[in-house]
Every structure is written in structure tokens, then in C-alpha cells.
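As a plain string of letters, each chain reads:
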Amino acid sequence: METFNVPTREEVSEQNQAIFDNLKNALGFVPNLYATMAHSENALGNYLQLQQGKTSFSNKEKEVINLVVSQGNECSYCQSAHTAISKMNGFTDEQILDLRSGKASFNEKFDALVKLASEVNLNRGKVDAELVENFYSAGYTKGHLVDLVVAVADKVVMNYLHNLTQIPVDFPAAPALESVEA
């Protein structure tokens, strides 16, 4: 299989160079996985529009989804990136591991979200009705359910891209899960 390089600013189109400049100004660097998307003329801009779109979820709730989906898809890049982002959003190391294992023993609402997000991802949207009922009982709405599917799809894009390209992870490595409790 042909290996993927992480393109530099000089190796991408003018349109993607402008996006690189914006990312560098906002984040201090261009994450390797974003840069890899710039092999395509349009993918990076299209993806960022999706990722930065409005949602009914808080930043913490988005990270709940990102962590469990990245774990389910075995994406080391996104596990690492979202471990770092989750810490910036106030989650502890223990909570992050809990979420990655598919539960939130520390928060009932997050527990309903993480369980449903995991099942939506792993079962391609075919989930047990009880999980959906628990999601609604936790205070989420039909709008949240739609936004959940969009958030899962957003993360699947990046998980699959990294799993295909195996570009270097430029975030501190996420700790491995010791075991998932039944």
C-alpha cells in the first residue's frame, strides 16, 4: 500500500494554504490529520464546515461522543487528540478512560449519551430501543438524536482516514484501556 505523507503548507493548494494559516492561528499548529485531508482540494474545507457547524451538544458532550466513537473504531490518532481536548474541557483522566470504555459512571446524562453513541457507531445506527429511551429520559430530544448521528459521522470520517493512512500522531498518546468492564 502506498504510504501517505503529511503535506506541508507549500505542498497544498492556495485554498488549503489559507486553511492551514487559519488553523495555525487558532491552534498554534496544523494537526497532521487535518493536513492529510489537504491532499484533496475540497475535503479539508468541507470537513471543517461540518465539524464547526452548530449543534445542540455542549463541548463536553461532543467530547463524550468523540472519545467513545474513536475508541470503537480503534483510531489511535483521535483517541489521543480527544483525550487532550477532553482534558481542556474539564474531564479528568479517570473520566476519559470511563468514557472511552463506553460508560460515564460519574454522570447519568453523559452515561446515556456515551452508551447510545457507542451503539450507533458500532451497530451502524441499529440500536436497542431501550438505549434511545434512556437517552430521552436523560433530557435529550429528537434534535439531539439527529445531532448525535451527525457527530458520529463526523468522527467516523477522521477515524477511517487515520486508520487508512496511519500518519503520525502529533498529540500525546492516549493511555491504553486496561480492560472493559462488563
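Residues numbered from 1 in each chain as written. Predicted model: local features only at pLDDT ≥ 70, side-chain atom pairs only at ≥ 80, totals over all residues. Heavy atoms only, no water.

**A look at a nonpolar patch on the surface**
Here's step 1: Residues Leu50, Val146 and Val150 make up a contiguous nonpolar surface patch of about 230 Å² in total accessible area.
Here's step 2: Here Leu50 shows up in helix 3 (residues 43–51). (Patch = residues over 30% accessible without salt bridge, like charges linked within 9 Å, V, L, I, M, F, W, Y side chains within 5 Å. Areas by Shrake-Rupley, 256 points an atom, 1.4 Å probe, with all protein chains shown as cover. Salt bridge = Lys/Arg side-chain N within 4 Å of Asp/Glu carboxyl O. Helix = DSSP H or I, 4+ residues; strand = E, 2+ residues; numbered from the N terminus.)

**Remarks on the pattern of salt bridges**
Here's step 1: Tallied over the full model, the rule gives four salt bridges.
Here's step 2: Linking Lys87 and Asp93 is a salt bridge whose minimum nitrogen-to-oxygen distance equals 3.0 Å.

**Considering the side chain of Arg100**
Here's step 1: Mapped onto the elements, Arg100 comes out in helix 6 (residues 93–100).
Here's step 2: For the buried Arg100, no salt bridge exists, and the shortest N-O distance to an oppositely charged side chain is 8.9 Å, to Asp93. (Buried < 20%, exposed > 50% of the residue type's maximum accessible area, 1.4 Å probe, protein only. Lys, Arg positive; Asp, Glu negative; His and termini not counted.)

**Some words on helix 6**
Here's step 1: Turning to helix 6, its buried residues number three or more, namely Gln95, Ile96, Asp98, Leu99 and Arg100.
Here's step 2: The inward-facing, buried residues of helix 6 abut helix 4 (59–72), helix 5 (76–88) and helix 7 (108–122).
Here's step 3: With its phi angle positive at about 95 degrees, Gly102 sits one or two positions after the end of helix 6. (Contact = heavy atoms within 4.5 Å.)

**Some remarks on the environment of Glu178**
Here's step 1: With respect to the helices, strands and loops of the structure, Glu178 is situated in the segment after helix 9 (142–165).
Here's step 2: Judged by relative accessible area, which is 83%, Glu178 ranks as exposed.
Here's step 3: When the C-alpha atoms of Glu178 and Ser101 are compared, they prove to be 9.6 Å apart, with 77 residues separating the residues in sequence.

Function cannot be inferred from these measures alone, as they are strictly geometric.
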